[in-house]
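Breakdown of the fold
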Protein chains: 4
Amino acid sequence: MGKVRRLGVLTSGGDCAGLNAVIRAVTYRAVRTYGWKVFGIIDGSMGLMERPLRYRELDLDMFSGNMLREAGTFLGTVNRGDPFNFPMPDGSTKDRSLDFVDGFNKLSLDALVVIGGDGSMKILKQLCDRGSINMVGVPKTIDNDVHGTDFAVGFTTAVNVVTEALDRLQPTAASHHRVMILEVMGRDAGHIAINAAISGGADVALVPEIPYKLDSIARKIEEVIREGRNHALVVVAEGVKTEDGTPATKAQSHGQMRYGGIGQYLSEHLAAKTELETRVTTLGHVQRGGTPSTRDRLLASAFGVHAVDMVAQGQSGHMVAWRDNALVEVPLEDVCIGPRTLSPDDALVTAARGLGIYVGEEGA
Amino acid sequence: MGKVRRLGVLTSGGDCAGLNAVIRAVTYRAVRTYGWKVFGIIDGSMGLMERPLRYRELDLDMFSGNMLREAGTFLGTVNRGDPFNFPMPDGSTKDRSLDFVDGFNKLSLDALVVIGGDGSMKILKQLCDRGSINMVGVPKTIDNDVHGTDFAVGFTTAVNVVTEALDRLQPTAASHHRVMILEVMGRDAGHIAINAAISGGADVALVPEIPYKLDSIARKIEEVIREGRNHALVVVAEGVKTEDGTPATKAQSHGQMRYGGIGQYLSEHLAAKTELETRVTTLGHVQRGGTPSTRDRLLASAFGVHAVDMVAQGQSGHMVAWRDNALVEVPLEDVCIGPRTLSPDDALVTAARGLGIYVGEEGA
Amino acid sequence: MGKVRRLGVLTSGGDCAGLNAVIRAVTYRAVRTYGWKVFGIIDGSMGLMERPLRYRELDLDMFSGNMLREAGTFLGTVNRGDPFNFPMPDGSTKDRSLDFVDGFNKLSLDALVVIGGDGSMKILKQLCDRGSINMVGVPKTIDNDVHGTDFAVGFTTAVNVVTEALDRLQPTAASHHRVMILEVMGRDAGHIAINAAISGGADVALVPEIPYKLDSIARKIEEVIREGRNHALVVVAEGVKTEDGTPATKAQSHGQMRYGGIGQYLSEHLAAKTELETRVTTLGHVQRGGTPSTRDRLLASAFGVHAVDMVAQGQSGHMVAWRDNALVEVPLEDVCIGPRTLSPDDALVTAARGLGIYVGEEGA
Amino acid sequence: MGKVRRLGVLTSGGDCAGLNAVIRAVTYRAVRTYGWKVFGIIDGSMGLMERPLRYRELDLDMFSGNMLREAGTFLGTVNRGDPFNFPMPDGSTKDRSLDFVDGFNKLSLDALVVIGGDGSMKILKQLCDRGSINMVGVPKTIDNDVHGTDFAVGFTTAVNVVTEALDRLQPTAASHHRVMILEVMGRDAGHIAINAAISGGADVALVPEIPYKLDSIARKIEEVIREGRNHALVVVAEGVKTEDGTPATKAQSHGQMRYGGIGQYLSEHLAAKTELETRVTTLGHVQRGGTPSTRDRLLASAFGVHAVDMVAQGQSGHMVAWRDNALVEVPLEDVCIGPRTLSPDDALVTAARGLGIYVGEEGA
């Protein structure tokens, strides 16, 4: 890419903790080191597609206060639909990708830093490809399912929130001799579930990638009781299916929805299979938010700085990544290939089993 | 009551934060100041009803570590049914109240400190009355609905948990321009909801005690948007009913359950009445737990000490309470009269309305 | 006071958590309910004394994000000296009180809400008296030493920070069998120390108001060790003097400063008097800050709303206060009489002694 | 090593968060998977050197509650002196290493898991070498200065505590327009300082490994002010020396100690060189403690499991380590070579400079 003077930055997809820290680092690096102008695009690709253009110039002063520590994204990340098949008021769809390219050019930008997850990064890449726009990616997602990086921004904060929930559920489980089931985020990947299960002291961790048996869970719980504990903790990713592989939210009997989710499914079946009371908690959106963890702030800061350097060095078409404890650059085409799932022989799966946590059937 | 040498202490009803801090304070005071022996009864009234008796002698050494800070109750609080109509394996019921009295006498106890909420305090009083057992009560409940006291142990910790959830939901609501609905505990009373709504910056707080209109909520949200905010936060107590006064979990259409709860009900209706996306979060059991707040520890400690003094001074049949910033004693018959609900002209309802929070229909 | 249309608000004295929450509540109430204009004065009285005037109009939009939760004061609270004897560059002093009055008039304000502590409230009252300015006070201070109110904004957050420090010091004390001494804020009053000592599980709490003996502390520590604990926690307010009543920072031997503070003094003497290692921690400015506690947010919100109502109702010359679990108004002349110290027979001193905490000599 | 049936585990050196989580993981793995007996040695090497032996058998039941989340080490880690030159009551020293070996044999142990830092690991290795004792190490230290591993247990919790302190100091710095200086742990290595400076949003980070100039710091602060910020945050490791390379605690003028530490030194010099007020906070022992971070619990759990596997597989003389996002084994002789300092071209130093943080002289 040619000489850069004006840099755009946007957040795309679901929000998470640490996005503002990335934007801050991008601005600090671009302004302080390179003397560029930085423009924050409002509401992801929408800000460039709509007229008037929606953006704000970012200066150092905006970050003098609390921004590093604030959750969410002050640029917004609203999604109204696929830009290539954008839903129109009359019910039809329309390709609005050229609006995006045109917006980028109207702002006279030289490059775009896209902070996004697995899905949104792919769409932004297509939009940028459409206009030969210089793009550098920064991975973010609470699910940690972006290919090419060990960690995406927002993940460890989510794990912290889930761990803290387990810290709160354990004493009430013990007081009442209950099995507490915690349903956590993770539609495709079990990263949050396996991390939080270890750090929160769970006895069972169910992930979408590994099949399980209800009887094995019940056996594990009975074993824990035999060892002297009067309660048990079960962590389950929302994407886990019923034992027979059907979605838990659609399990039907006589044409009716049977379960509100996998947590409820497990609650009913484990209550029946053990002599313990069960309770289910679904954490939901609190997992997205909160003050970013120290690690997410470090990652966000290092990513932001490095992404700007990548722009300066003409490494368009790449995403900054953290791999083997170092910053690296990964081609976007190696990233935009669907969610990165948890490998059944991941070090943490092994560690979890080593602790005695039931993580589904071995060898499955 | 005569000379006390052996004191029993038990926890009853749902667990909450600060119970262990009460037990610690009771033990410290009874052992250090009076030289009594203290016995912790396991699993509430069950520990005295079952044979062999289930209890443990409590000594100072047990509290040398972390107990002050641990959530739940290490004595347990399992409830298998009403002691006066105890469900038997064969399906019949049996009055087991004399087993309780007999257990108390077998342990040669002189008095009992009962840490309980509205409902469990009443049952324990009946059990103690049955055997002319000296009883002093300590109020605990996350709902803060015990009569006679401004604060019960466990309440402020629950409010903290809910406030923290709102702190996490606000940035994600802002990032996505959403209405976030948080369903919190409070079957009969809206204390948690009104406290957390103010401290967590909500725009709407619905409580069981005050009727509301969906249109008024929608109007409030639109007003907030007009003022420049792009999102809104709604806190609703689980006991709030649908607009027409039917329970939200039973609202039916053609014989089917319509809503999973009041949060879901509001979510659907507010999405229809405003142009904003809505999301609902149900916090559940995490509200019970967690490290007790500073205030709950202070309250628990002051209550525990004073309850023992009340035993020493022969004030059986009373509950220790915190009223107008001082410790007082309240006759149990003034306490065991059902849940203490939120008055529509409570100072916090007024403060909430003063801030512009919608708290249901005024004058209702 | 006449019809109010333009309200000023300022923060004065040391910052604490919850100040922004007060400003937010003042703005919400004044704008939403009364339709007034609200002006935030920058850096306390300085903003009205300097030219050009330093202020910003406060609108609802400024509080749409995180302000309720942010520590410190976004209006600033810089103090360059006594306005009645203001230090000038040439070394002389000058009465600048009329500059303040003139600034108030230049802004065409009708009244001023002053958020301040014991000392700064007094100066602001004198400034307002100078110009017959309508003033309503809101009490804030981490020390909780403002007369007329049970709680000032910022206090419980400070207690939380200190309690958390004790939660962190206890396990390291236990691991190493040490006496940990924590020096906390409180130059004149021991409110923080006594609250945190109870909630943080300390064995000793020293406050400026109650004399103590080093031998009594050593005896208490030995007693705790005998009971089975291998460590001890001591909380001491910075304003506590050496055993013989001399300031710890000035205790001299042969013309040299002997101790860095009361914590260090205790550390040396207790190490000599017991067989345990001692370590001292001085928390310092972290006690001022941090996300405000739930209770400080409630207090700040209720105070802010009520202060505006007091302005509307012509209650100039009063401070809003929280007493006996209700909002009341207190004449400023009853407030500005020096710091409110801890009474030796305060309920918490009694509770602390009831737990076995050494709080200095009884009957002293 | 031959067949293992009885495993010892001990903690050595300064305590930190996550030690109990390691002990729990060791016990879970050894008992649940291998069926061994596990013995916790009390107070590090002292427990095996003293008679009677001080230890407790560890069973699964001990960890059924809160142990994973508790800071410190319930086994204790008291150090009375170098076992090879143990200080005796009469002032002489004695080689007590054979007492240690003899204690190990008396307990009929087959191997020892040593949880220690840089210094204590070395002494334990010498003790084990003395008796040809099978030893596997687990790295822990808040300073993260153990060779051979990217992370030691306890480090990220310490960074969290320091980051949180910066989160609390920033708003008070902004409210009063101050330079806040935070002195953190790190006698030899600046890992805590550099991590926390980035995550806590500091403007200056001083570490023992990189020389600095006071004028450069003052210039950085002035630059920050020019950019629109009214305050600055400085993080400094306790091991940093004065500008001319003398220890800050010994800098003398006319035979007197001049500074209480490097924080105080910076405070005085920066106040003189800039026009801003300065304040210094020394965090001290709170950095050791507190509930372990999610990451420390993960690390502790994975380390504990793997250490037991290493014992089972005969990998005596090695330490388990986390390198490049995977568990590896490192020979103890590669570990016990003094503290691992921060490389001036560490990725985080680069990131910090990229953000504009002053980290001492470049190229120094």
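Residues numbered from 1 in each chain as written. Chains lettered and ligands numbered in written order. Predicted model: local features only at pLDDT ≥ 70, side-chain atom pairs only at ≥ 80, totals over all residues. Heavy atoms only, no water.

**Observations regarding the nonpolar core**
Counting 385 residues, the largest nonpolar core has A:Leu266, B:Leu266, C:Leu266 and D:Leu266 as its most contacted members. In this view, B:Leu266 contacts B:Ile181, B:Leu206, B:Tyr212, B:Leu214, B:Ile217, B:Val234, B:Val236 and B:Ala271; residues no more than four positions away in its chain are not counted. Core analysis: the next-biggest nonpolar cluster, separate from the first, contains 30 residues, D:Leu53, D:Leu107, D:Leu109 and D:Met135 among them. (Core = buried A, V, L, I, M, F, W, Y, C linked by side-chain atoms within 4.5 Å. Buried < 20%, exposed > 50% of the residue type's maximum accessible area, 1.4 Å probe, protein only. Contact = heavy atoms within 4.5 Å.)

**What to know about the domain arrangement of chain A**
Residues and elements named next belong to chain A. What the domain assignment reports for chain A is domain 1 (6-154 + 292-323) and domain 2 (158-288 + 344-355). On a C-alpha basis, the centres of domain 1 and domain 2 stand 34 Å from each other. Across the contact, 10 residues belong to domain 1 and 9 residues belong to domain 2. For the pairing of domain 1 and domain 2, the buried interface totals around 750 Å² over both sides, and the portion due to carbon and sulfur atoms is 50%. Among the residues of domain 1 in contact with domain 2, Asp-15, Ile-142 and Asp-143 are the three that bury the most area, contributing 59% of the side total. Our count for the contact surface shared by domain 1 and domain 2 stands at 0 salt bridges. On inspection of domain 1 and its partner domain 2, the count reaches 3 residue pairs in polar contact (both at pLDDT 80 or more). Taken together, the residues of the side of domain 1 that touches domain 2 sort by class into 3 nonpolar, 4 polar and 3 charged. (Domains from an automatic or database assignment. Buried area = accessible area lost by both parts, 1.4 Å probe. Salt bridge = Lys/Arg side-chain N within 4 Å of Asp/Glu carboxyl O. Polar contact = N/O pair within 3.5 Å; in protein donor to acceptor, adjacent residues only side chain to side chain. Nonpolar A, V, L, I, M, F, W, Y, C, P; charged D, E, K, R; others polar.)

**Regarding the interface of chain C and chain B**
Chain C puts 46 residues into the contact, and the matching count from chain B is 46 residues. Carbon and sulfur atoms make up 53% of the surface buried where chain C meets chain B, a total of about 3,900 Å² over both sides. Counting every contact that joins chain C to chain B gives 6 salt bridges. Close ionic contact of B:Glu227 with C:Arg32 constitutes a salt bridge, the shortest N to O distance being 2.6 Å. Inspection of the region where chain C meets chain B yields 20 residue pairs in polar contact (both at pLDDT 80 or more). Those elements that provide at least two residues to the side of chain C that touches chain B are α1 (19-34), α5 (155-176), α6 (191-199), α7 (214-226), α9 (294-312) and α11 (347-355) of chain C. No other element matches α9(C), which puts 7 residues into the side of chain C that touches chain B. Here the side of chain C that touches chain B is built from residues that sort into 14 nonpolar, 18 polar and 14 charged. (Helix = DSSP H or I, 4+ residues; strand = E, 2+ residues; numbered from the N terminus.)

**Thoughts on helix α7 (residues 214-226) of chain B**
In this model α7(B) runs 18 Å from its N-terminal to its C-terminal C-alpha over 13 residues, within 8% of the 18 Å that 1.5 Å per residue would give. On the buried face of α7(B), the contacting elements are β8 (178-184), β9 (204-206), β10 (232-237) and α8 (262-273) of chain B together with α1 of chain C. A positive phi of about 115° marks B:Gly228, the residue just after α7(B). (Expected span 1.5 Å × (residues − 1).)

**Points about the relation of the copies chain C and chain B**
Rotating chain C by 180° and moving it 0.0 Å along the rotation axis overlays it on chain B with an RMSD of 0.0 Å. Taken together, the rotation and translation describe the operation of a two-fold axis. Rotation axis and chain C: the residue whose C-alpha lies nearest the axis is C:Asp324, separated from it by 1.9 Å. Both copies contact each other with a shared surface, as 100% of the interface residues of chain C are interface residues in chain B too. (Least-squares fit on C-alpha atoms with pLDDT ≥ 70 in both.)

**A closer look at the pairing of strand β2 (residues 37-41) of chain B**
Residues and elements named next belong to chain B. Within β2, 4 of the 5 residues are buried, leaving the element largely enclosed by the surrounding structure. Where strand β1 (residues 6-11) and β2 come together, 4 bridges link them in parallel fashion. Note on β2: the bridge partner recorded for Leu-7 is Val-38. What joins β1 to β2 is helix α1 (residues 19-33), and the crossover it makes is right-handed. (Pairing = 2+ DSSP bridges. Right-handed = clockwise from strand over helix to strand, strands pointing away.)

**As for the side chain of B:Thr163**
Relative to the assigned elements, B:Thr163 resides in helix α5 (residues 155-176). With residues up to four places along the chain from it excluded, the contact list for B:Thr163 reads B:Ala196, B:Ser199, B:Gly200, C:Thr294 and C:Arg297.

**A word on the UniProt feature "active site" (unreviewed entry) in chain A**
The UniProt feature table records "active site" (unreviewed entry) at A:Asp143. With near-sequence residues (within four places) excluded, A:Asp143 lies in contact with A:Phe155, A:Met185, A:Gly186, A:His191 and A:Ile192. (UniProt positions renumbered as here; feature names shortened; annotations may be inferred.)

**Focus: the pattern of salt bridges**
Within this structure, the stated rule accounts for 82 salt bridges over all chains. B:Arg288 is the partner of B:Asp15 in a salt bridge, and the nearest nitrogen-oxygen pair spans 4.0 Å. Of the two residues, B:Asp15 is situated in the loop between β1 and α1 and B:Arg288 in the loop between β13 (277-282) and α9 (294-312); the sequence distance between them amounts to 273 residues. You'll find B:Asp15 and B:Arg288 in the same group, each marked buried. Here the residues in one salt-bridge network are A:Glu164, A:Arg168, B:Glu164 and B:Arg168, joined through shared partners.

**Digging into helix α5 (residues 155-176) of chain A**
Taking 1.5 Å per residue, 22 residues should reach 32 Å; α5(A) reaches 32 Å between its end C-alpha atoms and fits that length. Burial analysis of α5(A) places 20 of its 22 residues in the buried class, the great majority of the element.

**Comments concerning the packing of aromatic side chains**
Applying the stated rule across the entire model yields 20 aromatic pairs over all chains. Through a chain of ring-to-ring contacts, three or more aromatic side chains come together here, namely A:Tyr28, A:Phe63 and A:Phe74. When the ring centre of C:Tyr28 is taken as origin, the NZ or CZ atom of C:Arg32, which lies over that ring, is 4.1 Å away. (Phe/Tyr/Trp six-rings, centres within 6.5 Å; stacked < 30°, edge-to-face > 60°. Lys NZ or Arg CZ within 6 Å of the ring centre and 35° of its normal.)

**Observations regarding the sheet that holds strand β13 (residues 277-282) of chain D**
All names here are of chain D. Across the sheet, which stays open at both edges, the 4 strands sit in the order β9-β10-β8-β13 with parallel pairing between neighbours. What marks the edges here is a single partner per strand, and that holds for β9 (204-206) and β13. Mean inter-strand twist for the sheet, computed between neighbouring axes without regard to direction, equals 15°. Bridge count for strand β8 (residues 178-184) against β13 is 6 bridges, and the pairing is parallel. Bridge pairing in β13 links Ile-181 to Val-280. Of the strands in this sheet, β8, β9 and β10 (232-237) touch helix α6 (residues 191-199), which is tilted by about 170° from β9. Of the strands in this sheet, β8, β9, β10 and β13 are in contact with helix α8 (residues 262-273), which crosses β13 at around 175°. (Axes fitted to C-alpha atoms, helices over the stretch in contact; angles between N-to-C directions.)

**Brief notes about the packing of α9(B) against α6(C)**
Running from N to C, α9(B) and α6(C) cross one another at 80°; their axes reach a closest spacing of 8 Å. In terms of their interaxial angle, α9(B) and α6(C) are classed as roughly perpendicular. Taken together, the residues of α6(C) that come into contact with α9(B) (itself represented by B:Thr294, B:Arg297, B:Leu298 and B:Ser301) are C:Asn195, C:Ile198 and C:Ser199. Partitioned by chemical class, the residues of the contact of α9(B) with α6(C) number 2 nonpolar, 4 polar and 1 charged. (Parallel < 35°, antiparallel > 145°, perpendicular 65-115°, else oblique.)

**Considerations on unusual backbone geometry**
The omega torsion of the bond from A:Arg51 to A:Pro52 falls at 0°, within 30 degrees of zero and hence cis. Despite not being glycine, A:Ser132 shows a phi value in the positive range, around 50°. Position of A:Ser132 relative to the elements: it lies in the loop between α4 (118-130) and β7 (135-139). We classify A:Ser132 as exposed; its relative accessible area is 66%. Despite not being glycine, D:Asp43 has its phi angle at roughly 60°, a positive value. Residue placement: D:Asp43 occurs in the loop between β2 (37-41) and α2 (46-49). Given a relative accessible area of 3%, D:Asp43 falls into the buried group.

**Quick notes on the environment of C:Gly14**
Within the secondary structure, C:Gly14 is located in the loop between β1 (6-11) and α1. Look past the residues within four positions of C:Gly14 in its chain and what remains in contact with it is C:Lys140, C:Arg288 and D:His176.

**Thoughts on the sheet that holds strand β13 (residues 277-282) of chain C**
The strands making up a sheet associate through hydrogen bonds between their backbones, and the pairing can be parallel or antiparallel. Residue and element names in this part refer to chain C. Across the sheet, 4 strands lie side by side as β9-β10-β8-β13; this open sheet has parallel pairing. The open sheet has two edge strands, β9 (204-206) and β13, and neither has a second partner. Each strand of the sheet is rotated relative to its neighbour by a mean of 15°, with strand direction disregarded. Contacts from α6 reach β8 (178-184), β9 and β10 (232-237), with the element oriented near 170° to β9.

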